[in-house]
Structure formats: structure tokens, C-alpha cells
Amino acid sequence: LMDVVQATLGRAPLGAKRCSRLLMPAQLQAQVRTELLRLACSEPCGLRGALLDLCVEHGKACHDVGHIAADPAVVPTFQLTLVLRLDSRLWPKIQGLFASGPAFAPLKLSTGFRVIKKKLYSSEQ
């Protein structure tokens, strides 16, 4: 799943018709992996039943960068929204991403993130 996350971030649309390569530091990968597994352990199908939405936060705005089904052969039982943040030291460099112009170098994500979990079923059934 983390390989698919990396590939999705590698072609992240950050503005109209714009793509940029977002780099996930090894420390962030490990933290996200641990958190996703922790949130999936109580689910009927485990991590295989997850739908994962990837978002990147820019100030107060949150930009959708991709949607991943952990296992397309399994009916999803829960949805996770992974909200990543750009390294705040990069803000002056990325402002041009939201306007037209040439592509910039890869952007590094900060180690801060949050995950929002939503069940897609009722446990009473």
C-alpha cells in the first residue's frame, strides 16, 4: 500500500493541470505505515478493506491528490483520509504551483500528518 501511496504522490495534481512530485521522507513513511495498520487492526478485513484518500494541506486549504483502494477485490469497510503537509519552509517555493508556468523540483513533505477514519458499515448489522 505504501508503494501505491508513493506512486500517487509522485504524480500529485497540486493546481489546475499541474503536477508535482511529492517526496515522502522515510520517517514519515514509517509513521504513516504504523498508523494505518493501527487503524485497520479492528476492521473485519484489516487493511485490505480500506479506501484511502490522499490530501495535501497548504495553509488552510486541503488539496485532493488521489484515491486508493487497498485491495480492489475486497468490498471496502472503512475509509481513511490521510492529510499530509508540505514542509513549511517550502511555501515561498510552491506558490507558483497554483499559477501557470514551468514545473518545479520535487517537493518534500513534512513529518506532520493526520488520519481521519470513517466506517462504511454499521456494526449493528
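All residue numbers refer to position in the chain's written sequence, counted from 1. The predicted origin of the model limits local features to residues at a pLDDT of at least 70 and limits the giving and counting of side-chain atom pairs to 80 or more, whereas totals for whole chains, interfaces and linings rest on all residues. For the side-chain quantities, the full set of heavy atoms in the structure was used; hydrogens and water were omitted.

1. Quick look at the overall build of the chain
Numbering goes from the N terminus for both helices and strands, where a helix is a DSSP run of H or I of at least four residues and a strand is a run of E of at least two. Helix and strand content of the chain: 3 helices and 7 strands. Walking the chain from its N terminus toward its C terminus, one meets helices and strands in the order α-β-β-β-α-β-β-β-α-β. Accessibility here uses a 1.4 Å probe with only protein chains present; expressed as a share of the type maximum, an area under 20% marks a residue as buried, one over 50% as exposed, and anything in between as partly exposed. Burial statistics for the chain: of 125 residues in total, 39% are counted as buried. Every residue pair with non-hydrogen atoms within 4.5 Å of one another is taken to be in contact. The contacts in the chain between residues at least 6 apart in sequence include a share of 70% that link residues at least 24 apart. Working note: accessible area of the chain is about 7300 Å², and carbon and sulfur atoms make up 56% of it. In these tables, accessible area is a Shrake-Rupley quantity obtained with a 1.4 Å probe, and a residue counts as shielded only by the protein chains included in the view.

2. Considering the nonpolar core
The nonpolar core is taken to be a set of buried Ala, Val, Leu, Ile, Met, Phe, Trp, Tyr and Cys residues, with the residues joined through side-chain atoms within 4.5 Å. Of all hydrophobic cores here, the largest spans 25 residues; its most connected members are Leu-9, Met-24 and Leu-109. Elements with a minimum of two residues in this core: helix 1 (2–10), helix 2 (26–40), strand 4 (50–58), strand 5 (61–69), strand 6 (78–86) and strand 7 (107–119).

3. Quick look at the packing of aromatic side chains
Each aromatic pair joins two rings of Phe, Tyr and Trp (for Trp, the six-membered one) with centres within 6.5 Å, and gets the label stacked for planes under 30 degrees apart, edge-to-face for over 60, and tilted for any other angle. Under the definition given, this model contains 0 aromatic pairs. In this scheme, the term charge over a ring applies when either NZ of a lysine or CZ of an arginine sits within 6 Å of the ring centre and within 35 degrees of the ring normal. Directly above the aromatic system of Phe-78 lies the positively charged group of Lys-117, at a separation of 5.3 Å from the ring centroid.

4. Structural notes on helix 2
Expected span, for any helix, means 1.5 Å times one less than how many residues it has. Here helix 2 is 15 residues long and its end C-alpha atoms lie 21 Å apart, about the 21 Å a rise of 1.5 Å per residue gives. Here helix 2 has its buried residues at Leu-28, Gln-29, Val-32, Leu-36, Leu-39 and Ala-40. Around the axis of helix 2, the buried residues are gathered within 105° of arc, so they sit on the same side. Within helix 2, the exposed residues directed more than 90 degrees away from the buried face are Ala-26, Gln-27 and Thr-34. Taken together, the buried residues of helix 2 touch helix 1, strand 4, strand 6 and strand 7. Working note: the arc is built from the helix axis to C-beta atom directions.

5. As for the environment of Leu-39
Mapped onto the secondary structure, Leu-39 falls in helix 2. Distance from Leu-39 to Lys-117, taken between C-alpha atoms, is 7.7 Å for residues 78 residues apart in sequence. Dropping the residues within four chain positions of it, Leu-39 is found in contact with Leu-80, Val-115 and Lys-117.

6. Focus on the sheet that holds strand 4
One key point about sheets: their strands pair by backbone hydrogen bonds, in either a parallel or an antiparallel sense. Paired strands are those between which DSSP finds at least two bridges. If you walk across this open sheet you meet the 5 strands as 3-7-6-4-5, and the pairing is mixed. Looking along the sheet, the strands with just one partner apiece sit at the ends: strand 3 (22–23) and strand 5. The sheet contact formed by strand 6 and strand 7 spans 8 bridges and is antiparallel. Bridge pairing in strand 7 links Leu-86 to Leu-109. Axis lines are fitted through C-alpha atoms, for helices just across the contact stretch, and the angle between N-to-C directions can take any value from 0 to 180 degrees. Those strands touched by helix 1 are strand 3, strand 4, strand 5, strand 6 and strand 7, and its axis lies near 135° from that of strand 5. Relative to strand 7, helix 2 is tilted by about 5°, and along the sheet it contacts strand 4, strand 6 and strand 7.

7. What to know about the environment of Ala-69
By the secondary structure assignment, Ala-69 is in strand 5. For Ala-69, a relative accessible area of 35% gives the class partly exposed. Separated by 21 residues in the primary sequence, Ala-69 and Arg-48 place their C-alpha atoms 8.1 Å from one another. Those residues in contact with Ala-69 that lie beyond four places of it in its chain are Ala-50 and Leu-51.

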